[in-house]
Amino acid sequence: MTFKAPDSLAEQIAHHLAERIIRGEMKPGERIQEQKVTLALNVSRGSVREALLILERRHLIAILPRRGAHVTELTEHKVRSLCALMSELYILLGNAVAHGWKEQADMAPFVAIQQRLNDAYERQDIRTFVDESFSVMRAAYPFANNPYLQETVENLQPAMSRAYFLALEQRKAEMSEFLELFQRLLAAVLARDLPQIRIVLTAYAQRSCDLVVSALTAA
């Protein structure tokens, strides 16, 4: 059994604020005032400051001298830059699973995630669909066994979740397309077909990017 310490108070605060940013409840450019957060959550100011540093590392806020913390803006350049990088990180994870699985039981977590994605699609539950989409990469971490890759993906994942949520909120019908891509990805991993893994994940990242940019234009 792997030991996992409970999240610190700062991590819990960061998660709470991140969820609000990802869901669009806190808007780009909106200021986050330490004192208001401290009072609203009944926590120490030091914990809030630590939480804001975590959010800055995860690219959800910017902390500027004499201006404090603000929710970062989503721009086309940032979205395309993020998608290009995440595409390569996903490919590394996909290749690791393809190289590492030994028996069908090793793929069971991914099959279970696929079922949960299908269920979320049937309910048109965007929040669960986005969350489960990122469960895929976490299921791949043990195969990669690369702490640097894992840390990098985890720090970028909230920004990607934010963009992904915006895209699907605008066009729920696109969930079916992502499901089809995930099915193709599983088939490629089972076949240990590394070129196909790259093709599928590149298409996934490109489609995600196009949807987010379209949503930004429509907003």
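Note that the coordinates shown come from a computational prediction; the quantities given were computed from them, not determined experimentally.

Chemist: Can you explain the overall build of the protein chain? Please cite residues and give values.
Modeler: From N to C terminus, the protein chain includes nine helices and three strands. Mapped from its N terminus to its C terminus, the protein chain presents α and β elements in the order α-β-α-α-β-β-α-α-α-α-α-α. The C-alpha radius of gyration computed for the protein chain amounts to 18 Å, which stays within 12% of the reference 17 Å derived for 219 residues, consistent with globular compactness. Counting only C-alpha atoms, the protein chain reaches 55 × 45 × 30 Å along its principal axes. Going through the 219 residues of the protein chain one by one, you find that 44% of them count as buried.

Chemist: Give me the lowdown on the side chain of S208, citing residues and values where you can.
Modeler: Residue placement: S208 occurs in helix 9 (residues 194-218). What S208 contacts, discounting residues up to four positions off in sequence, is M160, Y164 and F178.

Chemist: Break down the packing of aromatic side chains for me, with residues and values.
Modeler: This structure, assessed with the given rule, holds six aromatic pairs. Judged by centre distance (6.1 Å) and plane angle (45 degrees), the rings of F110 and F143 are tilted. Residue F110 is found in helix 5 (residues 108-123), and its partner F143 is found in helix 6 (residues 126-144); the two are separated by 33 residues along the sequence. Classification of F143 as partly exposed rests on a relative accessible area of 23%.

Chemist: How would you sum up helix 5? Please name residues and give values.
Modeler: Relative to the 22 Å expected for 16 residues at 1.5 Å per residue, helix 5 spans 23 Å between its end C-alpha atoms, a close match to the ideal helical length. What helix 5 keeps buried is the set F110, I113, Q114, L117 and A120. Seen end-on, helix 5 carries its buried residues on one side only, within an arc spanning 125 degrees. Away from its buried face, by an angle of more than 90 degrees, helix 5 presents the exposed residues E122 and R123.

Chemist: Give a detailed account of the pairing of strand 3 (residues 68-71), specifying residues and quantitative values.
Modeler: Where strand 1 (residues 31-32) lies against strand 3, two bridges are found, and the strand directions are antiparallel. Counterpart to R31 in the pairing with strand 3 is H70. As judged from the four bridges shared by strand 2 (residues 61-64) and strand 3, these two strands associate in the antiparallel manner. From the neighbouring strand, I63 faces strand 3, where its bridge partner is A69. Following strand 2, the chain reverses through three residues before pairing antiparallel with strand 3; R66 in that reversal takes a positive phi of roughly 65 degrees.

Chemist: Kindly report on empty space enclosed by the protein, identifying the contributing residues and their values.
Modeler: Empty space left among the atoms is revealed by rolling a probe the size of a water molecule over them. Applying the stated criterion across every chain yields a total of one cavity of 30 Å³ or more. Forming the walls of the largest cavity are 24 residues, and the residues nearest its centre are S133, V136, F182, L185 and L201. Sorting the residues of the lining of the largest cavity by element identifies helix 4 (76-100), helix 5, helix 6, helix 8 (175-190) and helix 9 as the ones contributing at least two each.

Chemist: Tell me what's going on with the packing of helix 2 (residues 34-41) against helix 3 (residues 45-57), and back it up with residues and numbers.
Modeler: One can describe the packing of helix 2 onto helix 3 by two numbers: an axis separation of 9 Å at closest approach and a directional angle of 115 degrees. Crossing handedness for the pair helix 2 and helix 3: right-handed. Of helix 3, the residues touching helix 2 (which contributes E34, Q35, V37 and T38) are R45, V48, R49 and L52.

What counts as what
- Residues numbered from 1 in each chain as written.
- Predicted model: local features only at pLDDT ≥ 70, side-chain atom pairs only at ≥ 80, totals over all residues.
- Heavy atoms only, no water.
- Helix = DSSP H or I, 4+ residues; strand = E, 2+ residues; numbered from the N terminus.
- Rg over C-alpha atoms; globule rule 2.2 N^0.38 Å.
- Buried < 20%, exposed > 50% of the residue type's maximum accessible area, 1.4 Å probe, protein only.
- Contact = heavy atoms within 4.5 Å.
- Phe/Tyr/Trp six-rings, centres within 6.5 Å; stacked < 30°, edge-to-face > 60°.
- Expected span 1.5 Å × (residues − 1).
- Arc of directions from axis to C-beta.
- Pairing = 2+ DSSP bridges.
- 1 Å grid on protein atoms, 1.4 Å probe; cavity = no way out; pocket = protein on both sides within 12 Å on 5 of 7 lines; lining within 4 Å.
- Points joined across faces, edges and corners; volume = space filled by probe spheres on them.
- Axes fitted to C-alpha atoms, helices over the stretch in contact; angles between N-to-C directions.
- Left-handed = near helix turned anticlockwise from the far one by under 90°.

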